[in-house]
Amino acid sequence: MTTLATQAPTFDCRVDFADELITLARADERIVAVCNDSVGSSNLTKFREEFPDRLINVGIAEQDMVGVSAGLSNAGFIPFTSAAAPFLTGRAMEQIKADIAYTHRHVVLCGQSPGMAYGELGPTHHSIEDLSWMRAVPGLEIIVPADPAQTRSAVRWAAVSGRPTYIRVPRFKVPAVTPDDAPFEAGRAVRLAEGTDVTLIAVGTMVSRALEAAGILGQEGISARVLNMTFVEPLDVAAVVAAARETGAVVTAEEGLLSGGLGAAVAKVIVETHPVAVRMLGVPSFAPTGSASFLLDHFGLTADGIAAAARDVLGRV
């Protein structure tokens, strides 16, 4: 089968993250980058070359990195704090809670290579828990861009929002899926395909696969709506309720743990407002070691897997 990935070029969104950050830093001297000896993996080499005094490398000390970022924010700077997602969220959780969210510091936490992008490095480097952990922290905006355009929009939005924010910056290459006129607003999903039988709600690397799944289902006479839920927090509650009422069935897809992430957020809204059948696709437990592509296939996080879940929720297996 010809897939969306083979029909269009794919992109490493870390490049767009870094390029947009440089553009913003040229216009606003308050913007600084903070990292944990991750200049290369965060793609901040060019930023360091252009702004050597505005990149703070604390070394492999993630708790210090977040604490320093809170102090910089308190002094009037806008820190973009960048590190591999498993270490940023796992090692510095207390500082994210107490120093950033509780004190309402304008710090942009940039989780690089989230999900299972570090595949071959195994469970210690998988960041499948981050959406669950970050959703548990009150007052923290959570953005999961789907492609280069949304990555750039996320960086721009976060720079001026004044809010504590967590951005997942994808490493796994993805095609461009965002229409030129698509909105980028907190708590607003982007509807990428119309449908009346089932709604596919996806984030990040799963969005292009959900679109492809909608194409597969369309060939079978199943009309699938596709929502890119860019903001996991705040969630677009109205879009979720409309999906439940208008299509009667929902499938969620995320590159993360099933407990506490996108699927859990969507299911809560549906249970409380308009109960319908829901299927949640994600990672059920610790993921094994293997390439990112292998792991996504292993857990059914593919176009075919999403299409199969839609058939299941509709009783058309």
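Residues numbered from 1 in each chain as written. Predicted model: local features only at pLDDT ≥ 70, side-chain atom pairs only at ≥ 80, totals over all residues. Heavy atoms only, no water.

Focus: the pattern of salt bridges
Side chains that differ in sign of charge can pair as their charged atoms come close.
Here's step 1: For the structure shown, the criterion picks out 16 salt bridges.
Here's step 2: We note a salt bridge from arginine 188 to glutamate 185, for which the minimum N-O separation is 3.1 Å.
Here's step 3: A salt bridge links arginine 279 to aspartate 312; the shortest N-O distance between them is 2.5 Å. Of this pair, arginine 279 sits in strand E14 (residues 277-283) while aspartate 312 sits in helix H13 (residues 303-313), and the two are 33 residues apart along the sequence.
Here's step 4: A single network of salt bridges, built from pairs that share partners, joins Asp16, Asp19, Glu20, Arg152 and Arg156. (Salt bridge = Lys/Arg side-chain N within 4 Å of Asp/Glu carboxyl O. Helix = DSSP H or I, 4+ residues; strand = E, 2+ residues; numbered from the N terminus.)

Some points on the packing of aromatic side chains
Here's step 1: Summed over all chains, the structure comprises 3 aromatic pairs.
Here's step 2: Aromatic side chains phenylalanine 47 and phenylalanine 51 sit 5.1 Å apart centroid to centroid with 50 degrees between the ring planes, which places their arrangement in the tilted category. Phenylalanine 51 carries the same exposure label as phenylalanine 47, and that label is buried.
Here's step 3: For the ring pair tryptophan 157 and phenylalanine 231, a centre distance of 5.1 Å and an interplane angle of 75 degrees mean the geometry is edge-to-face. Here the residue tryptophan 157 occupies a position in helix H8 (residues 148-161), and phenylalanine 231 occupies one in strand E12 (residues 231-233), the gap between them amounting to 74 residues.
Here's step 4: What makes phenylalanine 231 buried here is its relative accessible area of 1%.
Here's step 5: Joined through ring pairs, the aromatic side chains of Trp157, Phe184 and Phe231 make up one cluster.
Here's step 6: Arginine 54 extends its terminal NZ or CZ atom over the ring of phenylalanine 51, reaching a point 4.5 Å from the ring centre.
Here's step 7: Across the ring face of phenylalanine 87, the terminal group of arginine 91 is positioned such that the distance to the ring centre comes to 4.2 Å. (Phe/Tyr/Trp six-rings, centres within 6.5 Å; stacked < 30°, edge-to-face > 60°. Buried < 20%, exposed > 50% of the residue type's maximum accessible area, 1.4 Å probe, protein only. Lys NZ or Arg CZ within 6 Å of the ring centre and 35° of its normal.)

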